[in-house]
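# Understanding the architecture of this molecule
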Amino acid sequence: MNVIFDNIPAYLTGFLMTLKLSLVSGILALICGLFLAAFRVSPLTPLRALATTYVELLRNTPLTIVFFFLVFVAPQFGILAPLGFWTAVIALSAYTAAFVCEAVRSGINSVQFGQAEAARAIGLTFGQSLSLVILPQAVRTVIPPLINVFIALAKNTSVAAGFATVELMASGRRLATANPADTVWVLVGVALFYLAITIPAGILAGVVERKVAFAR
Amino acid sequence: MAQPTSSVATPPGREDVPGEPLVVLSKVNKHFGALHVLRDIDLTVHRGEVVVVIGPSGSGKSTLCRAINRLETIDSGTITIDGAPLPAEGKALARLRADVGMVFQSFNLFAHKTVLQNVTLGPIKAKGMKKADAEAAAMRLLERVGVADQSGKLPAQLSGGQQQRVAIARALAMQPKVMLFDEPTSALDPEMINEVLDVMVSLAREGMTMVVVTHEMGFARKAAHRVVFMDGGQIVEEAGPEEFFTAPRSDRAKDFLSKILTH
Ligand SMILES: Nc1ncnc2c1ncn2[C@@H]1O[C@H](COP(=O)(O)OP(=O)(O)O)[C@@H](O)[C@H]1O
Ligand SMILES: [Mg+2]
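Below or above, wherever it landed, is the structure these notes cover. If you're wondering where the values come from, they're calculated on a predicted model, not measured in any experiment.

Thresholds, definitions, all that
- Residues numbered from 1 in each chain as written.
- Chains lettered and ligands numbered in written order.
- Predicted model: local features only at pLDDT ≥ 70, side-chain atom pairs only at ≥ 80, totals over all residues.
- Heavy atoms only, no water.
- Helix = DSSP H or I, 4+ residues; strand = E, 2+ residues; numbered from the N terminus.
- Buried < 20%, exposed > 50% of the residue type's maximum accessible area, 1.4 Å probe, protein only.
- Areas by Shrake-Rupley, 256 points an atom, 1.4 Å probe, with all protein chains shown as cover.
- Lys, Arg positive; Asp, Glu negative; His and termini not counted.
- Charge placed at Lys NZ, Arg CZ, Asp CG, Glu CD.
- Near = heavy atom within 4 Å.
- Polar contact = N/O pair within 3.5 Å; in protein donor to acceptor, adjacent residues only side chain to side chain.
- Nonpolar A, V, L, I, M, F, W, Y, C, P; charged D, E, K, R; others polar.
- Salt bridge = Lys/Arg side-chain N within 4 Å of Asp/Glu carboxyl O.
- Pairing = 2+ DSSP bridges.
- Axes fitted to C-alpha atoms, helices over the stretch in contact; angles between N-to-C directions.
- Parallel < 35°, antiparallel > 145°, perpendicular 65-115°, else oblique.
- Contact = heavy atoms within 4.5 Å.

### Considering the overall build of chain B
If you tally the helices and strands in chain B, you get 9 helices and 10 strands. Along the longest, intermediate and shortest principal axes, the C-alpha atoms of chain B span 55 × 40 × 40 Å. The 263 residues of chain B split such that 55% are buried. Total accessible area computed for chain B in this model is approximately 11,100 Å², and 51% of it derives from carbon and sulfur atoms. Once the 30 positive and 30 negative side-chain charges of chain B are each reduced to a mean point, those two points are 7 Å apart.

### Quick word on the site of ligand 1
Residue and element names in this part refer to chain B. Neighbouring ligand 1 are the residues Phe-32, Leu-35, Val-37, Pro-56, Ser-57, Gly-58, Ser-59, Gly-60, Lys-61, Ser-62 and Thr-63. Here an oxygen atom of ligand 1 and a backbone polar atom of Gly-58 are 2.7 Å apart. Contact distances for ligand 1 include 3.2 Å between an oxygen atom and a backbone N or O atom of Ser-59. Going through the elements one at a time, strand S2 (35–46) and helix H1 (61–68) are the ones with two or more residues in the shell around ligand 1. In terms of residue count, the dominant contributor to the shell around ligand 1 is H1 (3 residues). Looking at the shell around ligand 1, its residues break down into 4 nonpolar, 6 polar and 1 charged.

### A word on the pattern of salt bridges
Residue and element names in this part refer to chain B. Scanning all chains against the criterion turns up 21 salt bridges over all chains. Residue Glu-238 pairs with Arg-226 through a salt bridge whose shortest N-O separation is 2.2 Å. One end of the pair, Glu-238, is in strand S10 (residues 234–239); the other, Arg-226, is in strand S9 (residues 226–231), with 12 residues separating them in the sequence. Put simply, Lys-254 and Asp-251 hold a salt bridge, and the shortest N to O gap is 3.9 Å. Separated by 3 residues within a single helix, Lys-254 and Asp-251 lie in helix H9 (residues 251–262), roughly one turn from each other. One network of salt bridges, with partners in common, ties together Glu-20, Arg-47, Asp-82, Asp-99 and Lys-177.

### Some remarks on the sheet that holds strand S5 (residues 84–85) of chain B
Strands belonging to one sheet form pairs held by backbone hydrogen bonds; the direction of such a pair is parallel or antiparallel. Residue and element names in this part refer to chain B. Spatial ordering of the open sheet is given by S2-S1-S4-S5, a layout of 4 strands whose pairing is antiparallel. Looking at the sheet topology across the chains shown, the edges are occupied by S2 and S5. Across 2 bridges, the pairing between strand S4 (residues 76–81) and S5 is antiparallel. Across the sheet, residue Ile-81 finds its bridge partner in S5, namely Ala-84.

### Some points on the packing of helix H2 (residues 8–40) of chain A against helix H8 (residues 168–178) of chain A
Residues and elements named next belong to chain A. It is at 7 Å that the axes of H2 and H8 come closest, and there the two elements cross at 155°. With respect to H8, the axis of H2 lies roughly antiparallel. Of H8, the residues touching H2 (which contributes Ala-10, Tyr-11, Gly-14, Phe-15 and Thr-18) are Leu-168, Ser-171 and Leu-175. Among the residues making up the contact of H2 with H8, the classes are represented as 5 nonpolar, 3 polar and no charged.

Pasting the structure below:
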């Protein structure tokens, strides 16, 4: 147990990296996911097809494969420096964006169809209908599943450990190597730090869900 | 059966004479899968004219309305508004829709916006009007349809009749060239129907061009220049309201009228 308290600085460094990965990837995934969702409901068939293909592909690929692709395959085509923070961010946000898209899309579908028709009928463009009429009404339905997507993201950052980003999992691995007798406690410490991110997010999801239930 | 004449200069019914052609449908066809919902529709609505569309459920009345502002695409034929053919998607289509007001059976007011915001959203965002100007204009319209005192409320706090009057104000706020009404009173409790019809009658009297899908004979008699009877995706008969309701020519119209009259 002491191994946790003795190595707080190492944990904290890893924890902060995990937090940074989660936040940066989360924001990027949110932006990309919103655009993907807009494409998926757009009146233009090519945009719809593009977004659908992307989402189905990324959603059904293990995250590790996405990392492998970026780190080992993409550089062969002259794309990206392998390894490092931004590679992890790109892999994580590309992967998470697919899930954000699906959460947002189900929210969009929960808004009565007549709302979109009325918006179009008064002369709003597709983008205006979406941003001024549909999305504000979809937010309630979208936030709880979205928080779950971000909780998954926080946990998924651990995959970056395998690709030379020293986040929480990688710090844990180093500590375990240095303290072979205390491996279990080292890992308990790692888990506790992940919980420090995911539990508050879970509580937030619960609060929002209850608020939504009242508002209906 | 007489073919509908779509170029009547003086349609029977009302005494005033509508102007030049504003909405022109020519040989319009539309399918939903195997279902042929609009069959060779020819229809001309003149400036200032009020056309009531009547017919059994499923005859294609809503589809006709929705095709006019391209909420529904058509398979063949042409639709022009004020001489210009309907644009495909994009900004041009959005502009066209601003010229064609639409009132739905289920109101479709924006649920997250106040009554006032419902009316100002289009003018501000689609027409680039200043907020203050849009609000002043919106209040005048709300006054006109008799719901100015509700302007700060959300749609859900209003009665059906009030909501539909707000929906009319919302459409009018775009200063449309023509207004489409798709069964505007059929979702309303009976005691609220007249407050909506009254607004529509006064709109008609002020010279608004209107296409109204409705079974309200009182409205047709008071306000319509022409009644168009649809059945099975076709325009079966066109006549002035008095003539149509008292002496329909086609058997299908006779049959239909006998059914709605016995109700
Ligand atoms: N989006 C749609 N998809 C498939 N069929 C439709 C759709 N909209 C309407 N229809 C069908 O087209 C026919 C005409 O519908 P509609 O124009 O709504 O008739 P009306 O308004 O006269 O009752 C009906 O048989 C209806 O079931
Ligand atoms: Mg209908």
